[in-house]
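Inside the fold
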Amino acid sequence: MPEATIIPLGLNSQDPFALYQYNRTSWRMAGVDDWTAPPGQNPDMLVTALNVLPPATNAFQRRWGYSIFSPKLDIGGPGGDTNTTPLLRQVLPFEANNQVGITAQQLVTPEAVLAGSLILVFFYNTPAVATGAYPVTDSHGNTYTQVQWRVNLDSELALFWALNTTPGHLTVTIACTGTTFNICAGVAEIIGASHLTPIASESDSGVSDGGPSGTITLASTFMFPENQLLLGWAGATNTDGSASFTAAGCFTLNEPSGYTVHGVTSPFLTSGFQWCPQGVANTGSLPAKFTCNKTVTYRGVVLAIQG
Amino acid sequence: MATPVIEAQRLYVYQNDTDVARTVIATASDATGVESVTNNVGYWSAASTFTSIFVPSSGASTVEGVCSRDWMYFVDGLNSDCQKWDLDYGVQIWGIVAPLSSELMTISDHYTGVINLNIGRVYYYAYYNFVTGNYSDLSQPSPSSGPVVNKELQLTNIYPSSDPQVTGMVLLATADGGDPSILYFVATLAADATNYLDNTTETDLLLAPVYQETDTSGLTSGLLGNEPPPASGKFPTKWNGRLWLVQDQFLRFSKSLAEVITSTGVIAGRYEEDWPSYNSIDVSEGAETIHGLLAGGSTLYVGTELHIRSMTGNDATTFSQPVIVFNDVGLLNQPVWQTVFLEGTPVGAMWLTPDLRCIGSDFNTYQDVGTPIQSTLNSINPAALNNCWAQFTSNGPYNFYILAIPTGANTVPDTLCVYDLRGHKWYIWQLYDQLSAGLFYLSYTGIPRFMFTDASGDIWAFDTTTTWDRNLDVTATGITTILTTSFLDLGDPTIHKTLNEVEVGTSLSGMLVSVSGASMPSSYGSPNTVLSPTALSVSPFGQYKVYLNGAPATDRMYQFSFSATSDNNSTTSDIFLDLFSTQVKPLHRY
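Keep in mind that what you see is a predicted model, and the values were worked out from it rather than measured.

Our next topic: the interface of chain A and chain B. Listed as interface residues are 73 residues of chain A and, on the opposing side, 97 residues of chain B. For the pair chain A and chain B, the summed buried area comes to about 7,800 Å², and 58% of that belongs to carbon and sulfur atoms. Counting every contact that joins chain A to chain B gives 2 salt bridges. Linking Arg63(A) and Asp469(B) is a salt bridge whose minimum nitrogen-to-oxygen distance equals 2.8 Å. Counting across the interface, chain A meets chain B through 47 residue pairs in polar contact (both at pLDDT 80 or more). Mapped onto the side of chain A that touches chain B, the elements with two or more residues apiece are β2 (20–24), β3 (46–50), β4 (52–53), β5 (61–62), β6 (65–68) and β7 (87–96) of chain A. Its residues assigned to classes, the side of chain A that touches chain B shows 40 nonpolar, 22 polar and 11 charged. Inspection of the sheet shows β3(A) paired to strand β39 (residues 480–485) of chain B by 4 bridges, in the antiparallel sense. From the neighbouring strand, Thr48(A) faces β39(B), where its bridge partner is Thr484(B).

All names here are of chain A. There is a patch of nonpolar side chains on the surface, built from Ile7, Leu9 and Leu19 and spanning about 220 Å² of accessible area. Its location among the elements puts Leu9 in the loop between β1 (4–8) and β2. On the accessibility criterion, Leu9 (39% relative accessible area) is partly exposed.

By way of backbone hydrogen bonds, the strands of a sheet pair with one another, either parallel or antiparallel. Spatially, 4 strands are ordered β6(A)-β36(B)-β35(B)-β34(B) in an open sheet, and the strand pairing comes out antiparallel. Edge positions in the sheet fall to β6 of chain A together with β34 (435–442) of chain B, since each of these pairs with one other strand and no more. If you compare each strand with its neighbour and ignore which way they point, the axes differ by 30 degrees on average. Direction of pairing for β34(B) relative to strand β35 (residues 448–454) of chain B: antiparallel, over a ladder of 7 bridges.

Before going further, it helps to examine the pattern of salt bridges. In a structure, side chains of opposite charge can pair up when their charged atoms sit close to one another. Residues and elements named next belong to chain B. Counted according to the given criterion, the structure contains 20 salt bridges over all chains. For Glu503, the salt bridge is made with Lys545, and the minimal N-O distance between the two is 3.7 Å. Here Glu503, found in strand β40 (residues 496–505), pairs with Lys545, found in strand β44 (residues 544–547); they are 42 residues apart in sequence, far enough to count as distant. Of the residues examined, Glu503 reaches a relative accessible area of 18% and is grouped as buried. Bridged by salt links that share partners, the residues Asp433, Asp454, Asp458 and Arg470 form one connected network.

This next bit is on the confidence of the model for chain B. For chain B, per-residue confidence averages 94 on the pLDDT scale, and 99% of positions sit at 70 or higher. For this predicted complex, the interface confidence score (ipTM) comes to 0.93, while the overall pTM stands at 0.80.

To describe a pair of aromatic rings, one takes the distance between the centres and the angle between the planes. All names here are of chain B. If you walk through the whole model with that rule in mind, you get 41 aromatic pairs over all chains. On the basis of an interplanar angle of 25 degrees and a centroid distance of 5.7 Å, the ring pair of Phe185 and Tyr211 is categorised as stacked. Linking Phe185 in strand β14 (residues 182–190) with Tyr211 in strand β16 (residues 210–214), this pair joins segments that are 26 residues apart in sequence. Judged by its relative accessible area of 22%, Phe185 is partly exposed.

So, on to the sheet that holds strand β18 (residues 234–239) of chain B. All names here are of chain B. Reading across the sheet, the 4 strands line up as β18-β19-β20-β21 and stay open at both edges, with antiparallel pairing between neighbours. In this open sheet, the two edge strands, each paired with only one partner strand, are β18 and β21 (280–282). Neighbouring strand axes in the sheet, compared pairwise and without regard to direction, differ in orientation by 25 degrees on average. Note: β18 against strand β19 (residues 242–247), 4 bridges, orientation antiparallel. Considered in β19, the bridge of Trp239 is made with Arg242.

Let's shift gears to the pairing of strand β32 (residues 415–420) of chain B. All names here are of chain B. Burial analysis of β32 places 6 of its 6 residues in the buried class, the great majority of the element. Of the two faces of β32, the one carrying Thr415, Cys417 and Tyr419 and the one carrying Leu416, Val418 and Asp420 are both buried. Where strand β31 (residues 398–405) meets β32, 6 bridges bridge the pair, whose relative direction is antiparallel. The residue bridging Tyr401 from the neighbouring strand is Tyr419, located in β32. Here 5 bridges tie β32 to strand β33 (residues 425–429), and the two strands are oriented antiparallel to one another. Its bridge partner lying in β33, Val418 is registered against Tyr427. The antiparallel pairing of β32 with β33 creates a hairpin that spans 4 residues between the two strands, and His424 there sits at a positive phi of about 55 degrees.

Reading the values: rules and limits
Residues numbered from 1 in each chain as written. Chains lettered and ligands numbered in written order. Predicted model: local features only at pLDDT ≥ 70, side-chain atom pairs only at ≥ 80, totals over all residues. Heavy atoms only, no water. Contact = heavy atoms within 4.5 Å. Buried area = accessible area lost by both parts, 1.4 Å probe. Salt bridge = Lys/Arg side-chain N within 4 Å of Asp/Glu carboxyl O. Polar contact = N/O pair within 3.5 Å; in protein donor to acceptor, adjacent residues only side chain to side chain. Helix = DSSP H or I, 4+ residues; strand = E, 2+ residues; numbered from the N terminus. Nonpolar A, V, L, I, M, F, W, Y, C, P; charged D, E, K, R; others polar. Pairing = 2+ DSSP bridges. Patch = residues over 30% accessible without salt bridge, like charges linked within 9 Å, V, L, I, M, F, W, Y side chains within 5 Å. Areas by Shrake-Rupley, 256 points an atom, 1.4 Å probe, with all protein chains shown as cover. Buried < 20%, exposed > 50% of the residue type's maximum accessible area, 1.4 Å probe, protein only. Axes fitted to C-alpha atoms, helices over the stretch in contact; angles between N-to-C directions. pLDDT = per-residue confidence, 0-100. Phe/Tyr/Trp six-rings, centres within 6.5 Å; stacked < 30°, edge-to-face > 60°.

Right under this line is the structure:
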């Protein structure tokens, strides 16, 4: 029985040429029939029903979407089998060393950022000014907090974070209120963080002319639960006559083991950013230890984010 | 950012009861022998890291597996890849090869001891794996010791195994007289032992555990016949307490647990690894190739390209010959054959035939349920037929058989044919990505997951909370939804009519509506465009409408199409269409 109904609109319902309304509000008999040829097609069926769920509520709705997923060994307890491992969604390194004497730098994310993402802004610049002297703002009105600041000799490295409240492309502005600067900066978007602040961070700096050095260790009391994202950010004064950092090469991750390290560098290779978007089992107190891979003056930051 | 991991051809759930753990195993083989996203076998660790189990060797065919009692067993047609894997013990060869027939043990010397035999005893040995509890088949028998009086027996020419999984050997002997129907335990030997000095009295021997025995009707239990599985086997399946493989036209089956347990309680083998060569059933009486197996309760179904056969039974003495239950509805390949459920109750199975019919069966009868989407099925790329796969999935009120097919020139499935088992209707899903393999499973905590791998090796899962494809990725894409009606006579197929307006019940203000018309058989293929895709207008009373003022609407039959793409304003509760209404004015009957 056809699911459509016909409602006469004319005064004379017996008039075959009177105006009427063809009306369908029931869809339970509707599915795809792309095989039967017209004009004998079943009027309840559809030639195309693309990307819809069956009309369980007697209405068509869009089908399920799909998301990034990473299965995991499910040990049967809370937290098992999750797809909420924090992911570094996008990274934009930016180099402006050739823009000497600027007072503000802007970075535009290559892709739209999601509402609820954690936004990290990291930069390395000369000359060093003072902590808190770099207001970071963005086009979404997010509020940035300085997580780390490290100065060494005539340069410094800083890390800010903010919770993104509005989806869409993001323009981040780093300003210098004290003087002009030469800056190397980047912005990263992280999704899936259950804590909307980095749960631990440390920084370090030094001079190392004799070989790779510069260990940065997160607090020894810091626990490594599952679903963790480790991030490192390093800057260096390029005094050793070689190109500075290579992708995923600014730090060596000494501890914990089992991480796959990814990384990007700024276009002019005076700084690098790397991340390890994997978790480790909760094995107790375990410091994360990065080793700076430059034989030069360096500054670096590592931090951990809980998924 | 999505990171390519594996372009899987098969996905399996692996469970380890010892560790109370469950994870997913993915397999992909491109026959290169080189590790890549298209040639790897691995699992996801507790850190969600894809961890390689082994790399399929050069020339390997599709890697298939089956999970049983903490171990995953793999075959891909090559001896080198016929392996098993455990989360705690890693990869080992599947089964243990017995001492070769040329490796003959000898009894070379007699010393003073306590053995007294009237006729003599015969010795055997077998390799064992302490980790799995498996034993190899027996070695060749030693020569008889002959009558012995107060002697020890020196056994030499014991040949250690080169298989690293072998952790030791077990030495067995017959009773005095050499009757091989009962073999008693003599001693455990180190894995590298080459000789043994035996001083076991006959009394002690007869009190020792039995590792092999044959009853008066010829039935054996113990380690006799503990041969490795056929490496060329396909479609590993667990059914009725055994593992099953297909070897050409033969069904091969492993021992059962009962068949490795002897009367003294010794478990002389791990049944999944023990495949007597005589455990074999000839399936077909003609030219026929087995394309897959399906375990269905007390029945094992065997699908060939021509027929569906079934067999029942519990052991070699009761297994029935696989007889044809469904003629001329053969099976395309193993992955499309799925048991389907409705509200948790198995209601039968569905599969795709080599001639592209989609069959639904309640195990007693069958029908071609795919006829309504035969045009879609006919678009399958013939060169990629074997890449079709299917999964059953359920979620709340939905119970789906989802058939993934490569259409046009695509070799990786790009279209999902979704059969609603409740309403018995089909729907078509096209995702942003092509899906190389999919798996519906429940996590240990009971969370349903329907994951799939795409043609780039990325891993995704259907997510009922998102309105995006590739959600959480920088390439997130809206979902385009389209409904197109059949050609509707709108009440009278003989009257030409015109349309005034079309009202649409939807929550999507961005929907586009188009209308086509036709009156002659020749015009259905290229109907008149009455209304090109047009955005909705809001009537003074708030309804969504499109108006057809001036549109060339004079046909007998009309077809309506509705489309919309999800965006930042979309929600999972959006109503795409719940009402469709149009005002019709009949014109004439000619």
